[in-house]
Amino acid sequence: MLEDLDLHSIADEQARELVRRLLNLLEDVSADLRAAQAEIQRLRNEINRLKGEQGQPTIKPNTPQPPPKDLSSEQERRTPKAWSKGRKTDRIPIDREQVVAVDPARLPPDAVFKGYEDVVVQDVLFRTDNVLFRKEKFYSPSQHTTYVASLPPGYRGQFGPGLKSLALVFYYGAQMSEPKVVELLRSVGIRISDGQVSTLLIKDQATSHAEKDALYRAGWPVAPGSIWMTRAPG
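These lines cover the structure that appears in this document, whether it is placed above or below. (Residues numbered from 1 in each chain as written. Predicted model: local features only at pLDDT ≥ 70, side-chain atom pairs only at ≥ 80, totals over all residues. Heavy atoms only, no water.)

### What about the packing of aromatic side chains?
Working step 1: Scanning the model with the defined rule gives four aromatic pairs in all.
Working step 2: On the numbers, 6.2 Å between centres and 85° between planes, the contact of Phe-126 with Phe-170 is edge-to-face. Here Phe-170 lies in helix α3 (residues 161-173) and Phe-126 lies in the loop between α2 (74-78) and β1 (137-140), a separation of 44 residues in the sequence.
Working step 3: On the basis of relative accessible area, Phe-126 is assigned to the partly exposed category, the value being 29%.
Working step 4: Of the residues examined, Phe-170 reaches a relative accessible area of 9% and is grouped as buried.
Working step 5: Centroid distance Phe-133 to Tyr-155: 5.1 Å. Interplanar angle 70°. Geometry classified as edge-to-face. Residue Phe-133 is located in the loop between α2 and β1, and its partner Tyr-155 is located in the loop between β2 (145-149) and α3; the two are separated by 22 residues in the primary sequence. (Phe/Tyr/Trp six-rings, centres within 6.5 Å; stacked < 30°, edge-to-face > 60°. Helix = DSSP H or I, 4+ residues; strand = E, 2+ residues; numbered from the N terminus. Buried < 20%, exposed > 50% of the residue type's maximum accessible area, 1.4 Å probe, protein only.)

Put into structure tokens, the structure is as follows:
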């Protein structure tokens with residue numbers, strides 16, 4: 001399910017960034033879990049060995065060995081190499097900047113401004129992004145037809161693509177139960193029922209795939225900005 005998740009389908013930039021960070025967090029948690037499982041198995045094998053039993057064999061991956069380093073120079077062996085590591089904050093994308101001013105009452109009269117000291121703080125915004133779409137509508141008397149603008153790509157039903165993506169990440173990626181997903185969404189002001197969350201997680205997925213397959217078989221072009229035509233009564 002997560003492999004088919006297309007972040008570019010999320011129209012809201014903040015929601016897309018939040019989903020990306022959640023996916024990165026899930027990857028880190030999965031890596032820590034695999035490491036913990038390997039350590040547990042190693043300890044079990046050690047316990048079995050102390051008991052005189054046979055533990056599971058450890059099979060190391062067949063990886064090529066790096067070529068031996070040239071240690072012919074005595075000076076190179078004795079000269080310590082400079083240790084360098086890139087700052088973690090250099091890899092953090094900055095979403096906004098905020099200048100924090102010093103209280104003037106704390107400063108003595110001879111205080112001179114010397115620039116800024118940068119501190120990067122990571123945080124997330126988990127809030128509603130409720131949108132009132134005002135869809136243009138035109139009527140043609142000669143055609144007796146009303147033309148209504150379509151919603152942006154990804155928007156269908158009562159809930160936007162950001163909310164749908166987060167619900168899928170929480171349910172399938174974080175292994176949260178449906179009641180917990182409902183509780184989390186409601187905690188930020190989303191008005192959603194248990195049945196609506198169930199539809200987003202399970203039923204709506206099958207409907208989306210069925211609609212896509214039907215359009216593909218019929219050969220209908222589905223392009224961003226297209227409009228639906230509805231026949232006016234009478």
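### What to know about α3
Working step 1: Under the 1.5 Å per step criterion, the end-to-end length of α3 is 17 Å for 13 residues, consistent within 8% with the ideal 18 Å.
Working step 2: The buried count for α3 comes to ten of 13 residues, which makes it a mostly enclosed element.
Working step 3: Those residues of α3 that fall on the buried side of the exposure criterion are Pro-161, Gly-162, Leu-163, Lys-164, Ser-165, Leu-166, Ala-167, Leu-168, Val-169 and Phe-170.
Working step 4: Positive phi appears at Gln-175, one or two residues downstream of α3, with a value of about 60°. (Expected span 1.5 Å × (residues − 1).)

### Section: the side chain of Thr-145
Working step 1: With respect to the element layout, Thr-145 can be found in strand β2.
Working step 2: Judged by its relative accessible area of 8%, Thr-145 is buried.
Working step 3: Among the polar contacts listed, one links the side chain of Thr-145 to the backbone oxygen of Gln-143, at a separation of 2.9 Å. (Polar contact = N/O pair within 3.5 Å; in protein donor to acceptor, adjacent residues only side chain to side chain.)

### Observations regarding helix α1 (residues 13-50)
The periodicity of an α-helix, 3.6 residues per turn, causes residues three or four positions apart to be oriented the same way.
Working step 1: Spanning 38 residues, α1 covers 56 Å between terminal C-alpha atoms, matching the ideal 56 Å at 1.5 Å per step.
Working step 2: Turning to α1, its buried residues are Ala-15, Leu-18, Val-19, Leu-22, Leu-23, Leu-26 and Asn-45.
Working step 3: Taken together, the buried residues of α1 touch α3.
Working step 4: One or two residues past the end of α1 sits Gly-52, with phi positive at roughly 90°. (Contact = heavy atoms within 4.5 Å.)

### Quick word on unusual backbone geometry
Working step 1: Of note in the backbone geometry, His-144 takes a positive phi value of approximately 50° without being a glycine.
Working step 2: Considering the arrangement of structural elements, one finds His-144 in the loop between β1 and β2.
Working step 3: Overall, His-144 belongs to the partly exposed group, its relative accessible area being 40%.
Working step 4: Of note, the phi angle at Gln-175 is positive, near 60°, even though the residue is not glycine.
Working step 5: Relative to the assigned elements, Gln-175 resides in the loop between α3 and α4 (178-187).
Working step 6: A residue is classified by how much of its surface remains accessible, and Gln-175, at 63% relative accessible area, is exposed.

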